[in-house]
Amino acid sequence: MDNVPALDESLKKTVGGNTAKVMADQLGLHTVGDLLHHYPRRYAERGELTRLADLPLDEHVTVVAQVAKAAKKTFNRGKGVRLEVVVTDGSGSLTLVFFGRAAHHHERELLPGRRGMFAGKVSVFNRVRQLAHPDYELLDRAGGADAAEAVDAFAGRLLPLYPACKQLPSWKIAKSVDALLDTFEADGWRDLADPLPAGLRESRGLAALPEAFRKVHRPRTKADIAEARDRLKWDEAFVLQVALARRRFADAKLPAVPRLPREGGLLDAFDGKLPFTLTEGQRKVSQEIFGDLATEHPMHRLLQGEVGSGKTMVALRAMLGVVDAGGQAAMLAPTEVLAQQHHRSIVEMMGELAEGGMLGGAEQATKVVLLTGSMGVAARRQALLDLVTGEAGIVIGTHALIEDKVQFHDLGLVVVDEQHRFGVEQRDALRSKGKQPPHLLVMTATPIPRTVAMTVFGDLETSVLDELPAGRSPIASHVVPAQDKPHFLTRAWERVREEVEGGHQAYVVCPRIGDEEDDKAAKARKSPEDEAERRPPLAVLEVAEQLTKGPLGGLRVEILHGRMQPDAKDDVMRRFAAGEVDVLVATTVIEVGVNVPNATMMVIMDADRFGVSQLHQLRGRVGRGTAPGLCLLVSDMPEASPARARLAAVAATLDGFELSRIDLEQRREGDVLGQAQSGVRSSLRMLAVIEDEEVIAAAREEAVAIVSADPELTGLPELRTALDALLDAEREQFLDKG
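Rules and cut-offs
Residues numbered from 1 in each chain as written. Predicted model: local features only at pLDDT ≥ 70, side-chain atom pairs only at ≥ 80, totals over all residues. Heavy atoms only, no water. Helix = DSSP H or I, 4+ residues; strand = E, 2+ residues; numbered from the N terminus. Buried < 20%, exposed > 50% of the residue type's maximum accessible area, 1.4 Å probe, protein only. Contact = heavy atoms within 4.5 Å. Areas by Shrake-Rupley, 256 points an atom, 1.4 Å probe, with all protein chains shown as cover. Salt bridge = Lys/Arg side-chain N within 4 Å of Asp/Glu carboxyl O. Phe/Tyr/Trp six-rings, centres within 6.5 Å; stacked < 30°, edge-to-face > 60°. Lys NZ or Arg CZ within 6 Å of the ring centre and 35° of its normal. Core = buried A, V, L, I, M, F, W, Y, C linked by side-chain atoms within 4.5 Å. Patch = residues over 30% accessible without salt bridge, like charges linked within 9 Å, V, L, I, M, F, W, Y side chains within 5 Å. Lys, Arg positive; Asp, Glu negative; His and termini not counted. Charge placed at Lys NZ, Arg CZ, Asp CG, Glu CD. Pairing = 2+ DSSP bridges. Axes fitted to C-alpha atoms, helices over the stretch in contact; angles between N-to-C directions. Parallel < 35°, antiparallel > 145°, perpendicular 65-115°, else oblique. Left-handed = near helix turned anticlockwise from the far one by under 90°. Nonpolar A, V, L, I, M, F, W, Y, C, P; charged D, E, K, R; others polar. pLDDT = per-residue confidence, 0-100. Right-handed = clockwise from strand over helix to strand, strands pointing away. Expected span 1.5 Å × (residues − 1). Arc of directions from axis to C-beta.

Asks: Sorry if this is basic, but what is going on with the overall build of the protein here?
Replies: Counting its regular elements, the protein contains 27 helices and 21 strands. Residues counted as buried form 51% of the 738 residues belonging to the protein. For the protein, contacts bridging at least 24 residues in sequence account for 74% of all contacts bridging at least 6. Carbon and sulfur atoms make up 51% of the accessible area of the protein, which amounts to about 33300 Å² in all.

As structure tokens, then:
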């Protein structure tokens, strides 16, 4: 058959231009293959249709009923209009409600006496059960036997419910998928490339691909769905793992300069003046890193560890080792505040070893320079000169490091802090500044469950620091229900005063800034339905003013947010670190890397508006000294809400790995992979990274075996085709840059 579409063909031909546009804009579906892989979100189980008398509340139902009466009514002093349609099936009645323009449109169709199938979520309004804006299909357009067949097709099987959008309800998507399946069936699925090698499919007992598509979109039983899902999960896990295995294989072939620290050099001198001993974890991870640096292929390592587990110390020792070996090391930080903070703390830790070429500098010393976008011209020119001559062994900077003007004498190691904030392009631009590919160390303080690390960072070896250095204090966390128990919030501000009176400092964190620009952006994001929703998030400027005039009057309260001038930000941070500020009211700019051991308390306002890992990051800013830390999560959400459950989970554990699992289970992986894949839409539709740990691990093993035996996949053309589809130009680039 010549009219069978290719999987990479645009959907225009198959579903028509208008529908194709909605599918592309709203659902990210562009090709025939995309639509085939647009799996049902769930299935409505309908061996029989729900009788109106038995309708369950808050459930999605489909009913067959007859229109008894329809009436249009106005509300809101005549500004609003709604259509109320009462339908009945002999066992009971139900009201369908349509608002606005839809009311006029449906009034013409839903006339008394017409029969149809109506699908939607059952709710109650004024003690009457109703479906608001239901999807429906009228049955009396089809006569007699056809109508019976329509009811049967619609309701007599497991009804797939697809991720849909306002302009394209689930059953319109189902019709498009059905038409597509019919075309492929008629052709016997001749041109469908199966990415799984036959041997692997047989040994794992997985269904053939056409059968999997048939059973996922047109299941007869629940067993069909399970069988299809098992197979399709394998496709996703396996193709992704092959892509990552090929990258690892290619990276292992790249040349790099081995960087071995010399005896009696900078690293030895630094270790000799350390006032404390490294933790067992730090020693073990350092060994892994120095092992990689000694090889002739570039290191690709992910260093993850709890907030405060001493990652910076491990990274600094690696940088010193590279300087010893004649190379340079660059540390890339996501914000100016953080770059300045890293620069300050590294220079402090190194002492005279950071004063290379200066009077009083130690014999083995090197220069440690800072490079950010807001530096003055003279300082910037000097920093660039120090880098190109090799005078500076270590540079710490922001995106400014990536600019074309920046040249290195011999870049040997790139350390990226907080990887999830850097696009892959940026890491790559920095790596391309080495004469040969430099070694790469990626640090993250958001602990990542092992399977996520394998799926997202499968091309990096992983090191984990899971113990806190001696002397770090425990942090107590509590949820403050501001709405139900306002006296709890009053007590929270009293606690802040007590900490300050005891010689300590506190943070108050708010979700937004509250200046004009902020308000404009918030308005632009709001849809009319949001108007009646929750109040806007609390803002730094308003909260700081209320606290100064109210519960924290008399204390030295300052603000910090991302739209302040760099100098002003640095000034506030410096004064806070020096103890000249009692309470810092800030946005999440303090989330990463800010280190003030005297700050013992944090109050997070509207805590439910932050993600789990973000709350964990923020909390890690307190308890960094010898005094115990306290973190209060303030929320006005009701106790039974999912948001409060999330906060309770954060308050209950300090284990970042445990929290990242909770976070992931709630958010699904799209976000995680989306971030890692530089904004590319996640390719995981069926696979849940946490639930499907075993599939991912098994797929990784199979992938490594196949790539080791046949790196170019010459014997597996179908797998190559699947890889090309996964790694469209954008993603291929992403993986190449890793």
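Asks: Looking at this model, I keep getting lost on the pattern of salt bridges. Mind explaining?
Replies: Side chains carrying opposite charge are able to pair once their charged atoms draw close together. A complete count under the given rule lists 38 salt bridges for this structure. Put simply, E288 and R301 hold a salt bridge, and the shortest N to O gap is 3.6 Å. Of the two residues, E288 sits in helix α11 (residues 280-293) while R301 sits in strand β9 (residues 300-305), which places them 13 residues apart along the sequence. Classification of E288 by relative accessible area gives partly exposed; the value is 26%. For R301, a relative accessible area of 8% gives the class buried. Residue E542 pairs with R512 through a salt bridge whose shortest N-O separation is 3.9 Å. One end of the pair, E542, is in helix α19 (residues 540-549); the other, R512, is in the loop between β17 (505-509) and α18 (516-525), with 30 residues separating them in the sequence.

Asks: Just checking my understanding: could you explain the packing of aromatic side chains for this structure?
Replies: Note on aromatic pairs: each is described by the distance of the centres and the angle between the planes. Using the criterion set out here, one finds 6 aromatic pairs in the structure. When the ring of F75 is compared with that of F99, the centres are 5.9 Å apart and the planes differ by 85 degrees; the resulting orientation is edge-to-face. Residue F75 is located in strand β2 (residues 60-75), and its partner F99 is located in strand β4 (residues 93-99); the two are separated by 24 residues in the primary sequence. Assessed through its relative accessible area of 32%, F75 is described here as partly exposed. Three or more aromatic residues link up through ring pairs in this structure, and these residues are F98, F118 and Y136. In this arrangement the basic side chain of K253 is found over the ring face of F249, its NZ or CZ atom lying 4.5 Å from the centre.

Asks: Teacher, can you tell me more about the nonpolar core here?
Replies: Most often, soluble globular proteins have nonpolar side chains that are buried together. Formed by 38 residues in total, the largest nonpolar core has its most connected members in M319, M350, I394 and L413. For this core, the element with the highest residue contribution is helix α12 (residues 311-324), accounting for 9 residues. Here M319 is in contact with A329, M331, I346, I394, L413 and V415, once residues within four sequence places are set aside. One finds L11, I173, F184 and F213 within the second-largest nonpolar core, a separate group that totals 32 residues.

Asks: Before we go on, may I ask you to explain the environment of Q483 in this structure?
Replies: Considering the arrangement of structural elements, one finds Q483 in the loop between β16 (475-481) and α17 (486-501). Relative accessible area serves as the criterion here: at 54%, Q483 is assigned to the exposed category. Residue contacts for Q483: discarding those within four places in its chain leaves S635 and D636.

Asks: Mind showing me how you'd approach unusual backbone geometry here?
Replies: Where the residue is not glycine, phi is negative for most of them; where a peptide bond is considered, it is trans in most cases. Residue N126 is not a glycine yet carries a positive backbone phi of 50 degrees. In this structure N126 comes out as exposed when scored by relative accessible area, which is 63%.

Asks: How should I be thinking about a negative patch on the surface in this particular structure?
Replies: Residues D466, E467, D655 and E658 make up a contiguous surface patch of negative charge. Relative to the helices and strands, E658 is located in helix α23 (residues 656-667).

Asks: Got a minute to help me understand the sheet that holds strand β13 (residues 411-417) in this structure?
Replies: Sheets are built from strands paired through backbone hydrogen bonds, the pairs being either parallel or antiparallel. Read from one edge of the open sheet, 7 strands run β11-β12-β10-β13-β14-β9-β15, paired in parallel fashion. Two strands close off the open sheet at either side, each with one partner strand: β11 (367-371) and β15 (461-465). The mean inter-strand angle of the sheet, taken between neighbouring strand axes irrespective of direction, is 20 degrees. Direction of pairing for strand β10 (residues 328-332) relative to β13: parallel, over a ladder of 5 bridges. The partner of Q328 across the bridge, within β13, is L411.

Asks: Help me understand the environment of N595 in this model?
Replies: Summarising the element assignment, N595 is placed in the loop between β19 (583-586) and β20 (599-604). What makes N595 partly exposed here is its relative accessible area of 37%. Beyond its immediate sequence surroundings of up to four residues, N595 is in contact with Q341 and R624.

Asks: Is there a simple way to think about the packing of α12 against helix α13 (residues 336-350) in this case?
Replies: The packing of two helices is summarised by the inter-axis angle and the distance between the axes. Taken N-terminus to C-terminus, the directions of α12 and α13 make an angle of 65 degrees; their axes are 12 Å apart at the nearest point. Relative to α13, the element α12 is oriented roughly perpendicular. Between α12 and α13 the crossing geometry is right-handed. Here T312, M313, L316, M319 and L320 of α12 lie close against α13, whose contacting residues are H342, I346, M349 and M350. Across the contact of α12 with α13, the residue classes break down as 7 nonpolar, 2 polar and no charged.

Asks: Would you mind showing me how to read the confidence of the model for the protein here?
Replies: Segments scoring low in pLDDT should not have their predicted coordinates read at a detailed level. When the pLDDT values of the protein are averaged, the result is 82; 84% of them are 70 or greater. Confidence over residues 527-533 falls short of pLDDT 50; this stretch has 2 contacts with residues more than four positions distant or in other chains. Per-residue pLDDT stays below 50 along residues 729-738; that stretch engages in 28 contacts with residues further than four places along the chain or on separate chains.

Asks: Could you clarify how one ought to interpret the sheet that holds β19 in this entry?
Replies: Pairing is parallel in the open sheet, where 6 strands are placed in the order β16-β21-β20-β17-β19-β18. Every other strand in the sheet has two partners, leaving β16 and β18 (557-560) as the edge strands with one partner each. Strand-to-strand, the axes of this sheet are offset by a mean angle of 20 degrees, without reference to chain direction. Strand contacts of helix α21 (residues 612-619): β16, β17, β20 and β21 (629-635), with the helix running at about 150 degrees to β20, the strand carrying the most contacts.

Asks: Teacher, can you tell me more about the pairing of β20 here?
Replies: Consecutive residues of a regular strand have side chains that alternate between opposite faces of the sheet. Summarising burial for β20: 6 of the 6 residues are buried, a large majority. Here β20 runs beside β21; their pairing, made up of 4 bridges, is parallel. In the strand pairing of β21, I604 is matched with L633. Since β20 and β21 lie parallel, the crossover through α21 that links them has a hand, and here it is right-handed.

Asks: Help me out: how do you make sense of the environment of T490 in this one?
Replies: With respect to the helices and strands, T490 occurs in helix α17. Counting along the chain gives 61 residues from T490 to P551, while the straight-line C-alpha distance between them is 7.9 Å.

Asks: When you look at α17 in this model, what are you seeing that I'm missing?
Replies: In an α-helix, one turn spans 3.6 residues; hence positions three or four apart end up facing the same way. Under the 1.5 Å per step criterion, the end-to-end length of α17 is 23 Å for 16 residues, consistent within 8% with the ideal 22 Å. The complete set of buried residues in α17 reads A492, W493, V496, E499 and V500. Take α17 and look down its axis: the buried residues cluster within an arc of 115 degrees, on one side only. Every exposed residue of α17 that faces more than 90 degrees away from the buried side is listed here: H487 and E501. Packing partners of the buried residues in α17 comprise β17, α19, β19, β20 and β21. Looking one or two residues beyond α17, the residue adopting positive phi is G503, at roughly 90 degrees.

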